[in-house]
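Analysis of the macromolecular model
What follows is the residue order along each chain.
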Amino acid sequence: MKFGVVVFPGSNCDYDTYHVLNNVMGVPTSFIWHKDTVLSDYDLIVLPGGFSYGDYLRSGAIARFSPVMNAVKEYSEKGGLVLGICNGFQVLLESGLLKGAMLRNRNLHFICKHVYIKVRNINTPFTNALKEGQVLRIPIAHADGNYFASEEDLKNIGANNQIVFQYSDNNGKINDSVNPNGSLLNIAAIINENGNVLGMMPHPERASEKILGSTDGKYIFKSIINYLKNRR
Amino acid sequence: MGFENLDKILEEHNLTKSEYERIVEILGREPNITELGVFSVMWSEHCSYKSSRIHLKKLPTKGKRVVQGPGENAGVVDIGDGYVAVFKIESHNHPSFIEPYQGAATGVGGILRDIFTMGARPVAVMDSLRFGSLEKPLNRQIFKGVVAGISGYGNSVGVPTVGGETCFDDSFTYNPLVNVFCLGITKKDKVFYARAKHVGAKVFYAGAKTGRDGIHGATMASAEFDDSLEEKRPNVQVGDPFKEKLLIEACLEAMDKGVVSSIQDMGAAGLTSSSVEMADRGGKGIEIDVSKVPQREEGMTPYEILLSESQERMLIVAEPGRENELKKIFNKWDLDIVEIGQITDSGKFVVREKEKIVAEIPVSSLTSSAPKYDRPYLNIVKSREKEIDNNDYIGKFSIEKIINGFLDDPNIGKKNWVFEQYDHMVQTNTVVYPGRGAAVIRIKGTDKFLTMTVDGNPDYVYLNPYEGTKRIVAESYLNISVTGAEPVGATNCLNFGNPEKPEIMGEFKYAVEGMGDASKFFEIPITGGNVSFYNETNGAAIKPTPVYGLVGIVEGEDNIITSNFKDEGDLIYLVGNLKPDFSGSFYLKKYYKRVEGVLKKTPLEIVKKVGTFLRENVKLIKAANDVSQGGVFVSLLDFITDRFGYFLQIPEVFSPELFLFGETAGMVIVSISSENQYNFEKKLREFSLDFRKIGAVVSESIKIEMLNKIIYVSSLKSFIKRYENAIPKRMEV
Amino acid sequence: MKAKITVKLKDIVLDPQGNTILHSLNEMGYEKITKVRQGKVFFVELEETSKEKARALLKEIAHKVLSNPVIETYEVEIIG
Amino acid sequence: MKAKITVKLKDIVLDPQGNTILHSLNEMGYEKITKVRQGKVFFVELEETSKEKARALLKEIAHKVLSNPVIETYEVEIIG
Ligand SMILES: Nc1ncnc2c1ncn2[C@@H]1O[C@H](COP(=O)(O)OP(=O)(O)O)[C@@H](O)[C@H]1O
Ligand SMILES: [Mg+2]
């Protein structure tokens, strides 16, 4: 098993993600430079958090044109697992691998804090280690995490069980008062129709070591490892 | 040569007549305008420390852990196992008033460069912020902009902002303080210095292009504001955090590969001070050609190129023979890098524009032999301190009213509104988050933890610069100690008014002495810092604000003490110097509208003993915090969680006001498991420390009792709500 | 040649920035203002003499890069 | 009444956004583009019948709220 973490200019959670995959989860992991295009070695591609190209145009907008993104597209079309975290999620949206777009948080601020998210679909390669309705405590850290999709897309996403996590309270109640950024339907993570590309705003790599206050993020990495083991 | 309207030109350059004469003497001729510009920035207060140098000498700078004290871009302290911590504070006060967002953002950018230029990866930022009251729209606007600027820049470059302080006092309305601390980590044998080594080595310019930004910035930062501010306004620098992030990666990679001989960021006075300091520290000369400098605008003069303060630029001397490798690394990161000159043995700073020499100045005349002033000073303590009787300030307001007022005050209220805008977790090292006292970060790959804090208290220093500053150092010492850490080194940022006024100079001199004496007592070396003078607007100075940044170390996760309550039934103790007093207190300022009293002598012995006690008894302590501004009541706020509050019994010997809101140096609050009561008290007696059991941890409520009568009670939920809403309710209209 | 590309949020998309500005303007006493929507504008210079070609190129860039069709629309204007 | 307020950075002020977009466009092969400066645009609706008054009000808002005169300039246009 081998994992790859893409490094765009301006990525800043690349090393954090590498650290968790490689040192905490124990899966050999490498960095993938944004100009690389050969991904066939990897069992998982992670697009990490950060501010690719400064996020100067729109979050994730310029990164989408990096050479590596064409390769990621092909890789995902062949069924390869892709996980976009935070800025990685934004890149996936911008490149059309996932439906929708991110708007500015409704309070206009960058928000960094722990939130609760409730799993809505445990039948994915990223959530199979979770129980139905389980609530995780994981930090968010973004300025543009206010998920938007057209009415039609939103309907389809719902109908296909593509909503994977929603912002909730610690008991799993989902309402506007626990929606940190204004996302439609409290959406924190969605998956593509084929079920191999997940985008999530919360940072599981920041919640995978006890000393950092939560290990809930590990469920996601464990799920991926389970899935890959069973697939073999 | 000679200038037609010399007086006007000197005024514009903030140089005195006698300074000008000295320049003529040094050069043996009249300077040209470019040279005058160079002298003016290098001899500005900001670069030359001309009013402060003789006093800064009194600060202790040596210690067994010190690898590099003052004199480089940042101090370097050995933290064991081959690692060093590199840290410093810088101010960006004036720019943050003119353009809060960009001023604060570029402040972060500048201090980051000071750290990575030494070969260390920045791992933590802290910000010490002071503004006028939030009741005024202007202050809200500045506050909002500053926080957004720090957030916008720091988050983007991926360095967590793990702590800081945010205070409001009307003396900062037209002169907010934005002091930013940064700490980096590297291996001891990987530290880089800005010292030219080899004659003939090539000098490279890397990073952003040079524009006309902030020309006269260095002199501006040293000039008092007046109403002609409007005209100076175009001199605003805009930060580019994306470029900074690329610079960090490129510089660290280049240093790691051994292709860098020496390196220096272009901060205040840009290309001039970086070239000059590089040559000076190596005892060499330097020659540069300004026509080779990448320029953003057309028709820039040598004067403008030399004095520009465009951001995100580095000066790098290549390791001879490795020039191409250096260029390749920067190209990989999409950054401009061009050769602009070389190191010489002339001892001179020579600037060419193609073939033509446009400036030629002996390096040392710009640095070590820059003017130094022993400015006249006054000891103002006698006029400000006046005995008060604590009993005159009780009974007027109900305890409930005071508590609610405290919780609702932006100075006391929780600072989530600020630190949740900062990414305080990126790099996944933050073990103790902002809002719980000093920040603690881990160092991956070791069993070490660093604790850090920035502290100031202008009210204390205003009353008594010497004692007040000692008290700040003592507070920092305890701030670090309550995490279980041992202090290893400090930095400071000294924010004062116009040093040409004897009263201000007196504040400065005695504050530095207080800082020096207390640091010596605790054996804390001060490895660097920053002086910011002329914090005045239309003649009114800020309250004197020395800020102390202290770093400590903890070996092993088990030796960290945190401040949050752990379990119901745990006992709460006061330990140390149990002598609350209203002098200089927040209570007096808030409810009696006065900063007065006599600051008691800081009991350094007791403070040290408390620190040692904490470190040696980590196993007995479940939570701890020091008592500082706002007294016991405010200190207890850091302990509260969404589950646990407290039940307090006020000892009869105190009035509730004095007990809850009185302030003192050398006191901490500790919670312990009731099983450990005997052992804990026994240890305290062994240390001959005063202590008092004052209450217990309870679920879901806050309750205060005196003589078996409840004097305050609240549900935890509504208490916290008030506490967390003080700032948002003023900012989110 | 000089051009201006204006990018704005589609009407169906909520505009948090615009709403906040409207709210604070009203708070400040500017009560006549009833709606604010914020967009972006790009001032572009390009080496091209044919207006036709310029317009085509700019449209391509506006569509592919400068705007996100999920939430935004754009307008291209040659200004000199 | 409807209006458009365009806010742009003064020419002497660095525009990291614009520069980064320019650089990326060139990298993508759009080499004819030689300059990009990014600005903001606000579409405003207001209850006012006099164009004069509207313009005065919008200028005030543009100056005081929507732009930062230290680094930006603005333009007000009544569009309907
Ligand atoms: N208050 C202070 N205490 C101790 N050292 C100081 C103080 N202020 C400045 N220094 C030292 O003087 C030197 C010059 O500081 P500064 O001009 O801020 O550096 P730079 O221009 O490189 O950013 C630095 O080494 C700094 O650490
Ligand atoms: Mg420096």
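The following refers to the structure shown. (Residues numbered from 1 in each chain as written. Chains lettered and ligands numbered in written order. Predicted model: local features only at pLDDT ≥ 70, side-chain atom pairs only at ≥ 80, totals over all residues. Heavy atoms only, no water.)

Taken residue by residue, the interface counts 15 residues in chain A and 17 residues in chain C. In terms of surface lost to chain C, no three residues of chain A exceed Leu57(A), Arg58(A) and Phe148(A), which account for 39% of the buried area on that side. For the pair chain A and chain C, the interface holds 1 salt bridge. Residue Glu72(C) pairs with Arg58(A) through a salt bridge whose shortest N-O separation is 3.9 Å. Where chain A meets chain C, there are 6 residue pairs in polar contact (both at pLDDT 80 or more). Contributing elements (two or more residues each) for the side of chain A that touches chain C: β5 (101-103) and β8 (146-148) of chain A. (Contact = heavy atoms within 4.5 Å. Buried area = accessible area lost by both parts, 1.4 Å probe. Salt bridge = Lys/Arg side-chain N within 4 Å of Asp/Glu carboxyl O. Polar contact = N/O pair within 3.5 Å; in protein donor to acceptor, adjacent residues only side chain to side chain. Helix = DSSP H or I, 4+ residues; strand = E, 2+ residues; numbered from the N terminus.)

Before going further, it helps to spend a moment on the coordination of the magnesium ion (ligand 2). Residue and element names in this part refer to chain B. The magnesium ion (ligand 2) binds to the protein through Asn73 (OD1) and Asp114 (OD); the donor distances cover 2.2 to 2.6 Å. Linking Asn73 in the loop between β1 (66-68) and β2 (75-80) with Asp114 in helix α7 (residues 100-116), this pair joins segments that are 41 residues apart in sequence. The same class applies to Asn73 and to Asp114, which are both buried. (Donors = N, O, S within 2.8 Å, 3.2 Å for Na, K, Ca; no water. Buried < 20%, exposed > 50% of the residue type's maximum accessible area, 1.4 Å probe, protein only.)

On to the packing of aromatic side chains. The description of two aromatic rings rests on the distance between their centres and on the angle between their planes. Taken as a whole and judged by the stated rule, the model has 40 aromatic pairs over all chains. Measuring from centroid to centroid gives 6.1 Å for Tyr56(A) and Phe242(B), while their planes differ by 85°, and the two rings are edge-to-face. Of the two residues, Tyr56(A) sits in the loop between β3 (44-47) and α2 (67-77) while Phe242(B) sits in helix α11 (residues 241-256), which places them in two different chains. Residue Tyr56(A) is classed as buried on the basis of its relative accessible area of 9%. For Phe242(B), a relative accessible area of 8% puts it in the buried group. (Phe/Tyr/Trp six-rings, centres within 6.5 Å; stacked < 30°, edge-to-face > 60°.)

Here we come to the sheet that holds strand β3 (residues 83-91) of chain B. Residue and element names in this part refer to chain B. With mixed pairing, the 6 strands of this open sheet are ordered in space as β1-β2-β3-β6-β4-β5. The open sheet has two edge strands with one neighbour each: β1 and β5 (161-168). Strand-to-strand twist in this sheet, taken as the mean axis angle between neighbours without regard to direction, amounts to 20°. Where helix α8 (residues 137-157) meets the sheet, it contacts β4 (121-131), β5 and β6 (177-187), and its direction lies at approximately 180° from that of β4. (Pairing = 2+ DSSP bridges. Axes fitted to C-alpha atoms, helices over the stretch in contact; angles between N-to-C directions.)

This brings us to a negative patch on the surface. Judged by side-chain charge, Glu75(C), Glu77(C), Glu75(D) and Glu77(D) come together as a negatively charged surface patch. For the negative patch, the secondary-structure elements that each account for two or more residues are β3 (72-78) of chain C together with β3 (72-78) of chain D. (Patch = residues over 30% accessible without salt bridge, like charges linked within 9 Å, V, L, I, M, F, W, Y side chains within 5 Å. Areas by Shrake-Rupley, 256 points an atom, 1.4 Å probe, with all protein chains shown as cover. Lys, Arg positive; Asp, Glu negative; His and termini not counted. Charge placed at Lys NZ, Arg CZ, Asp CG, Glu CD.)

With that settled, the discussion passes to helix α5 (residues 218-231) of chain A. Residue pairs three or four apart in sequence face the same way in an α-helix, which turns once every 3.6 residues. Look at α5(A): 20 Å from first C-alpha to last across 14 residues, which is about the 20 Å you get at 1.5 Å a residue. Turning to α5(A), its buried residues are Ile220(A), Phe221(A), Ser223(A), Ile224(A), Ile225(A) and Leu228(A). (Expected span 1.5 Å × (residues − 1).)

What follows concerns the site of ligand 1. All names here are of chain B. Around ligand 1 sit 17 residues, and of these Tyr49, Gly71, Glu90, Asn492 and Gly529 come closest. Here an oxygen atom of ligand 1 and a side-chain polar atom of Asp114 are 3.4 Å apart. Side-chain polar atom of Asn492 to a nitrogen atom of ligand 1: 2.5 Å apart, as the coordinates give it. Considered on its own, ligand 1 offers 550 Å² of accessible surface; in the complex 86% of this is hidden by protein. Ranked by residue count, the leading element in the shell around ligand 1 is strand β18 (residues 526-532), at 4 residues. (Near = heavy atom within 4 Å.)

Turning next to unusual backbone geometry. Phi at Asn186(A) takes a positive value of approximately 60°, unusual for a residue other than glycine. Structurally, Asn186(A) is set in the loop between β9 (163-168) and β10 (187-191). By relative accessible area, Asn186(A) is classed as buried at 6%. Non-glycine residue Asn708(B) carries a positive phi angle of around 60°.

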